Amino acid sequence: MNNYLSELTVIIVTFKTNDKVLNNCLKSINSEVKTLIIENSNKLDNKDQIESEFKNVEVIFSGENLGMGRGNNFGLNKVKTKYALILNPDVICEKNFFSNINRFLSGSIDFTLIGGVYDRLTDYKPAGLFNDADLTESNFDKELNLYDVDWVGGHTILVNLNKFQNKNIFDESFFLFFEETDLCKSVKKKKEKVYMSPDLKIDHLGWKGSFATDEKFEIESIKLRNWHYMWSLFYYNKKNNGYLFALSKTIMRLIRSIIRIIYYSITFNTKERTIYTYRFLGLINSIFLKKSYFRIEFKD
């Protein structure tokens, strides 16, 4: 088989990512593949070490915390190849990952997005259908050895850039969560192909890709995740199905959050109270059509 890896660029968006986590990701990437790290700030202490050890890697500073969607768009606009592989920094590619991805880079398979699979058991699905039905044999294309799916996880996405009019493929209104689901939704609306490949195996650590690995920032991480999960949930449903549909999908979550804030305040459970307070705040801001403005401020 011919080698088409020169047609691929890896994009990794980071934000104060743990050095060990990022290094393990970079070690799993084939050294022939151009890799761009988009650091969502203006500082990365080990930039020189990374670029010295990994000759295929370039670190680029965005200058601010753009979030996942804008951060990936920023990186994609630096890509000169036909294909891009979006990877979370807490992903480790299985040893045959890049020899297997090579067959998708020849142009012989018509696709827009291809997602990977986990190489170990996990509670999270790597891909699925919008109606929440389980994948079956009817979703599997034996000839291509690919599952025809509606959505894939944002931690590992092979993007055929030829299918897009420009490289701002993500809706930048999202800061965190649902940006990849929204992308898949837009691709499916165009009647284009989204696949999951059983040959693209990865180990996804989960929530290790940014400052969340630092225990002293646990509460800040909880606030950010919960605020943006609820904001993005409402916005995604509103964008794709209308305001009233989004409200019907989330109103019980709003009520539960209020009840649990009261309960955990009475029982002095600070962590749980924080979770539901920020879920409430994210959702209420989205209901009132506020932008996804919430950020955690860090002092270097």
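Residues numbered from 1 in each chain as written. Predicted model: local features only at pLDDT ≥ 70, side-chain atom pairs only at ≥ 80, totals over all residues. Heavy atoms only, no water.

Asker: What is the right way to read helix α3 (residues 67–76) from this model?
Answerer: Note on helix geometry: an α-helix contains 3.6 residues per turn, so any two residues three or four positions apart are oriented the same way. Extensive coverage of α3 is indicated by the burial of 8 of its 10 residues. Those residues of α3 hidden inside the fold are in contact with β1 (8–14), β2 (34–39), β4 (83–87) and α5 (179–189). (Buried < 20%, exposed > 50% of the residue type's maximum accessible area, 1.4 Å probe, protein only. Helix = DSSP H or I, 4+ residues; strand = E, 2+ residues; numbered from the N terminus. Contact = heavy atoms within 4.5 Å.)

Asker: How do you make sense of the side chain of threonine 274 when you look at a structure like this?
Answerer: By the element assignment, threonine 274 lies in helix α8 (residues 270–287). With residues up to four places along the chain from it excluded, the contact list for threonine 274 reads Ile219, Ile222 and Lys223.

Asker: When you look at the pairing of strand β11 (residues 156–160) in this model, what are you seeing that I'm missing?
Answerer: In regular strands, side chains alternate between the two faces of the sheet. Counting buried residues in β11 gives 5 out of 5 residues, a clear majority hidden from the surface. The alternating pattern of β11 places Thr156, Leu158 and Asn160 and Ile157 and Val159 on opposite faces, both of which are buried. Where β4 meets β11, 5 bridges bridge the pair, whose relative direction is antiparallel. Bridge pairing links alanine 84 to valine 159 in β11. Where strand β6 (residues 113–118) meets β11, 3 bridges bridge the pair, whose relative direction is antiparallel. Across the sheet, residue glycine 115 finds its bridge partner in β11, namely isoleucine 157. (Pairing = 2+ DSSP bridges.)

Asker: Any chance you could explain the pattern of salt bridges here in plain terms?
Answerer: Two side chains with opposite charge may pair up if their charged atoms get near one another. This model, assessed by the stated rule, comprises 14 salt bridges. We note a salt bridge from aspartate 45 to lysine 43, for which the minimum N-O separation is 3.7 Å. A relative accessible area of 43% places lysine 43 in the partly exposed class. When salt bridges that share partners are traced, they join Asp148, Asp150, Lys188 and Lys193 into one network. (Salt bridge = Lys/Arg side-chain N within 4 Å of Asp/Glu carboxyl O.)

Asker: Explain unusual backbone geometry to me, please; I cannot follow it from the model alone.
Answerer: What you tend to see is this: most non-glycine residues have negative phi, and most peptide bonds are trans. At asparagine 145, a position not held by glycine, the phi torsion is positive, near 55°. Within the element layout of this structure, asparagine 145 appears in the loop between β8 (140–141) and β9 (146–148). Not every positive phi belongs to a glycine, and phenylalanine 177 is a case in point at roughly 80°. Position of phenylalanine 177 among the secondary structure elements: in the loop between β11 and α5. On the basis of relative accessible area, phenylalanine 177 is assigned to the buried category, the value being 18%.

Asker: What is the right way to look at a nonpolar patch on the surface in this model?
Answerer: Where nonpolar side chains cluster on the molecular surface, the patch consists of Ile251, Met252, Ile255 and Ile259 and spans about 340 Å² of accessible area. Here methionine 252 is to be found in helix α7 (residues 243–266). Using a relative accessible area of 46% as the deciding quantity, one classes methionine 252 as partly exposed. (Patch = residues over 30% accessible without salt bridge, like charges linked within 9 Å, V, L, I, M, F, W, Y side chains within 5 Å. Areas by Shrake-Rupley, 256 points an atom, 1.4 Å probe, with all protein chains shown as cover.)

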